[in-house]
Amino acid sequence: LFYFPYAIDHDFLEKNFNKHNKQRNKLRNNIKINKDDFVVLGIMKFVDREDPMTLLKAFHKLSANNKNFHLILVGDGILKNNIDEYQKTNSVLNVHMPGYISYSELTKFYSIADVFVHTAVIEQWGVSVNESMTCLTPVIAADTVGSVYDLIDEEETGLVFKSMDHVDLSSQILKLYDSPKLQKKIIRN
């Protein structure tokens, strides 16, 4: 046994985020996202445990009525073909999949995003929740993500949805989208 802290390098993330955040509109433009579009971010392995399909289905439900919604799925894995197939079969637009991104470049995507979503079905902690908060990106996480119980105070520091429930997730994303006041409150806290 050895000690393995679930911690992040706040100074490193903050420095990189501040650099990328100054280029937010340019970074968005590079991947054909307008400055006023609403961007949902997921960073995960494309495996069942991390549940990218719930995020994709929630986004599909939202984007059918909101053409200014975009989803960025950062990662790779065995479910990539399932994600591609679902997109094609259901004509889901505005999904960006840059693949695996090195840790030093993740702040680029946090700076582009309006909300970060953590969908893991089983997650003891979830350091990406910490990362997102450090990068001033509101968080919505599944109730099966361990850090939810220590870091998210509902509608104060983030939002929580019922694991594997894409309808609940889409309603939480919409709640955030519909309330710039709530977005600012979560970022401030």
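Preceding this section is the structure that the text describes.
Keep in mind the model is a prediction, meaning the values are calculated, not measured. Every chain begins its residue count from 1, and numbering advances along the sequence as written. In keeping with the predicted nature of the model, local features appear solely for residues at pLDDT of at least 70, side-chain atom pairs appear and are counted solely at 80 or more, and the whole-chain, interface and lining totals rest on all residues. Side-chain metrics rest on all non-hydrogen atoms present in the structure, leaving aside hydrogens and water.

*Asks:* Sorry, what's going on with the packing of helix α8 (residues 166-178) against helix α9 (residues 180-188) here?
*Replies:* A pair of packed helices can be characterised by two numbers: the angle between their axes and the separation between those axes. Packing of α8 against α9 brings their axes to within 5 Å, and their N-to-C directions diverge by 95 degrees. Judged on the interaxial angle alone, α9 and α8 are roughly perpendicular. Touching Lys175, Leu176, Tyr177 and Asp178 of α8 are Pro180, Leu182, Gln183 and Ile186, all from α9. In terms of residue class, the contact of α8 with α9 is built from 5 nonpolar, 1 polar and 2 charged. In this analysis an axis means a line fitted to C-alpha atoms, helices contributing only their contacting stretch, and an angle means the value between N-to-C directions, from 0 to 180 degrees. Comment: elements are numbered from the N terminus, with helices defined as DSSP H or I runs of at least four residues and strands as E runs of at least two. The cut-offs work like this: below 35 degrees is roughly parallel, past 145 is roughly antiparallel, 65 to 115 is roughly perpendicular, and the gaps in between are oblique. In what follows, a contact means two residues having at least one pair of non-hydrogen atoms within 4.5 Å. Each residue gets one of three labels, nonpolar for Ala, Val, Leu, Ile, Met, Phe, Trp, Tyr, Cys and Pro, charged for Asp, Glu, Lys and Arg, and polar for the others, Gly among them.

*Asks:* Explanation requested: the nonpolar core in the structure shown.
*Replies:* General note: in soluble globular proteins, nonpolar side chains tend to be found buried as a group. In these notes, a set of buried Ala, Val, Leu, Ile, Met, Phe, Trp, Tyr and Cys residues joined through side-chain atoms within 4.5 Å is what counts as a nonpolar core. Buried means the residue's accessible area, taken with a 1.4 Å probe over protein chains only, is under 20% of the maximum for its type, while exposed means over 50%, and partly exposed covers the values in between. Counting 53 residues, the largest nonpolar core has Leu41, Ile140 and Ile173 as the members making the most contacts within it. With 6 residues, the top contributor of residues to this core is helix α3 (residues 52-63). With residues up to four places along the chain from it excluded, the contact list for Ile173 reads Phe38, Val40, Leu62, Phe69, Val117 and Ile140.

*Asks:* Explanation requested: α8 in the structure shown.
*Replies:* Structurally, the α-helix is built with 3.6 residues per turn, so residues lying three or four positions apart point the same way. One less than the number of residues in a helix, times 1.5 Å, gives the span that helix is expected to have. The end-to-end C-alpha distance of α8 is 18 Å, a good match for the 18 Å that 13 residues give at a rise of 1.5 Å each. All buried positions along α8 are accounted for by Leu169, Ser170, Gln172, Ile173 and Leu176. Each buried residue of α8 sits inside an arc of 160 degrees when the element is viewed along its axis, so together they form one side. As used in this structure description, the phrase polar contact means that two N or O atoms lie within 3.5 Å; if the pair is within protein, one of them must be able to donate a hydrogen and the other to accept it, and residues adjacent in sequence are counted only when both atoms belong to side chains. Capping the start of α8 is the job of one residue whose side-chain oxygen sits 3.1 Å from the backbone nitrogen of Val167: Asp165. Each direction from the helix axis to a C-beta atom contributes to the arc, which is the arc of those directions.

*Asks:* Explain helix α1 (residues 10-21) here, please?
*Replies:* Along its 12 residues, α1 runs 16 Å from first to last C-alpha, staying within 8% of the 16 Å computed at 1.5 Å per residue. Here α1 has its buried residues at Leu13, Asn16, Phe17 and His20. One side of α1 carries all its buried residues, which in axial view fall inside an arc of 105 degrees. Across α1 from its buried face, at more than 90 degrees, point the exposed residues Asp11 and Lys15. Looking at the packing, one finds that the buried side of α1 touches α2 (24-30), α5 (106-112) and α6 (127-134).

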